[in-house]
Amino acid sequence: MPELPDVEVIRKYVDKTVLHQSINKVEVSAKDILDGISEKHLQSQVKEREFESTYRHGKHLFAKLSGDGWVIFHFGMTGYFEYFKDKEKAPKHTRALFSFDNCYNLAFVLQRKLGKITLTKDIDIFVKKQNLGPDALDKNFDLEAFKEVMQGMKSSVKSALMNQGHITGIGNIYSDEILFQTGIHPKVKANQLSNRDLDRLFKAMKEVLETAIDSQADPAKMPEHYLLRHRKKGEKCPACSGEIAKIRISGRSAYFCPNCQS
DNA sequence: ACATTGACCTGAGAGC
DNA sequence: TGCTCTCAGGTCAATG
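Reading the values: the criteria
- Residues numbered from 1 in each chain as written.
- Chains lettered and ligands numbered in written order.
- Predicted model: local features only at pLDDT ≥ 70, side-chain atom pairs only at ≥ 80, totals over all residues.
- Heavy atoms only, no water.
- Near = heavy atom within 4 Å.
- Polar contact = N/O pair within 3.5 Å; in protein donor to acceptor, adjacent residues only side chain to side chain.
- Helix = DSSP H or I, 4+ residues; strand = E, 2+ residues; numbered from the N terminus.
- Nonpolar A, V, L, I, M, F, W, Y, C, P; charged D, E, K, R; others polar.
- Salt bridge = Lys/Arg side-chain N within 4 Å of Asp/Glu carboxyl O.
- Phe/Tyr/Trp six-rings, centres within 6.5 Å; stacked < 30°, edge-to-face > 60°.
- Lys NZ or Arg CZ within 6 Å of the ring centre and 35° of its normal.
- Expected span 1.5 Å × (residues − 1).
- Buried < 20%, exposed > 50% of the residue type's maximum accessible area, 1.4 Å probe, protein only.
- Contact = heavy atoms within 4.5 Å.
- Axes fitted to C-alpha atoms, helices over the stretch in contact; angles between N-to-C directions.
- Parallel < 35°, antiparallel > 145°, perpendicular 65-115°, else oblique.
- Left-handed = near helix turned anticlockwise from the far one by under 90°.

Here we take up the protein's contact with DNA strand C. Every one of the 20 residues lining DNA strand C counts as a neighbour, but Met 1, Asp 6, Lys 59, Arg 252 and Ser 253 are closest to it. Take the atoms of DNA strand C that sit within 4 Å of the protein: sugar and phosphate atoms are 53% of them. A distance of 3.3 Å separates a phosphate oxygen of DNA strand C from a polar atom in the backbone of Asn 172. Arg 231 has a polar side-chain atom sitting 3.4 Å from a phosphate oxygen of DNA strand C. Of the residues forming the surface near DNA strand C, the biggest block, 3 residues, is contributed by strand 10 (residues 252-256). A class-by-class count of the residues in the surface near DNA strand C yields 5 nonpolar, 7 polar and 8 charged.

Counting across every chain of the model gives 16 salt bridges. Note that Lys 147 is salt-bridged to Asp 199, the shortest N-O span being 3.0 Å. In this pair, Lys 147 is assigned in helix 4 (residues 143-151) and Asp 199 in helix 7 (residues 195-214), connecting sequence segments 52 residues apart. Within the structure, one salt-bridge network assembled from shared partners comprises Glu 8, Arg 11, Asp 15, Arg 56 and Asp 135.

This paragraph deals with the packing of aromatic side chains. Applying the stated rule across the entire model yields 13 aromatic pairs. Ring geometry for Phe 62 versus Phe 126: centroids 5.7 Å apart, planes at 85°, classification edge-to-face. Separated by 64 residues along the polypeptide, Phe 62 in strand 3 (residues 60-65) and Phe 126 in helix 3 (residues 123-129) bring together distant segments of the chain. Taken together, Phe 51, Phe 73, Phe 75, Phe 81, Phe 98 and Phe 108 form an aromatic cluster joined through their ring pairs. Lys 64 extends its terminal NZ or CZ atom over the ring of Trp 70, reaching a point 5.7 Å from the ring centre.

In this model, helix 1 (residues 4-17) (14 residues) spans 20 Å end to end at C-alpha, consistent with the 20 Å of a helix rising 1.5 Å per residue. Restricting attention to buried positions, one finds in helix 1 the residues Leu 4, Pro 5, Asp 6, Val 7, Glu 8, Ile 10, Arg 11, Val 14 and Thr 17. In the core, the buried residues of helix 1 are packed alongside strand 2 (51-57), strand 3, strand 5 (80-84), helix 6 (172-182) and helix 7.

Moving on to the packing of helix 6 against helix 7. Contact pair helix 6 / helix 7: the axes reach a minimum separation of 9 Å and the direction vectors enclose 125°. Compared by their axis directions, helix 6 and helix 7 come out oblique. The two elements helix 6 and helix 7 meet at a crossing, and its hand is right-handed. Across from Tyr 174, Glu 177, Ile 178, Leu 179, Gln 181 and Thr 182 in helix 6, the residues of helix 7 making contact are Asp 197, Arg 200, Leu 201, Ala 204, Met 205, Val 208, Leu 209 and Ala 212.

Next up, the structure:
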């Protein structure tokens, strides 16, 4: 789930549920999801504070605490939030639970424990420390910057799009979608793309991510011509009705249409 | 320095 | 039904 569009949808969910409510406590049931902080420290930082606002950089979600600092959430491959009242009804795989004075709770749910919670005083410092590139939807990340990044990479274009150190936010699903919409084969080397390809790739990157957000990151709500709705081996390509193929690139499954993407 | 692989977790779904 | 095997939207350390 949690690539850039999914995290943006989660961010909006947080905005309309838990902002400006006093945090009663946080309980962490899987300590290994805490990244470099102790449960005690997290507790002391959030107790009797509020989440004031949110910010997203790539796949990371930042929740600003009243007073000072940010709580950072990373959702791994399976993470999401659920806001609910009855504590007995906490979702399975709840790894951390924030309780608020209004008797509601926010569950940080991870089936696989690949997500993280940590703290930072400053987003820029965190982004730098993690070696994260610019957010894929950042207005300042323009065509020129995009071309420079892609021309400097010898890996496949799919791996290049997923490399968080150069562009942050795109994962396995959306890299496939962006390449499908551009008609580029995922194994083509990034630094061998033509100028025209790069123009189209950049445009598709922004469009696909924005469209996905507008669709609440729900494939069923996305345009019919999106690969996401047919991302399965043997399914029919929405453009040419040929068969969707599956190959392995850098250890990940890549779905594409051999006919449309050459 | 860069790119690719394996390990990390847990469960769902496929195949027998 | 039950067992085993493979795979899953991410990242990091180790390897080439």
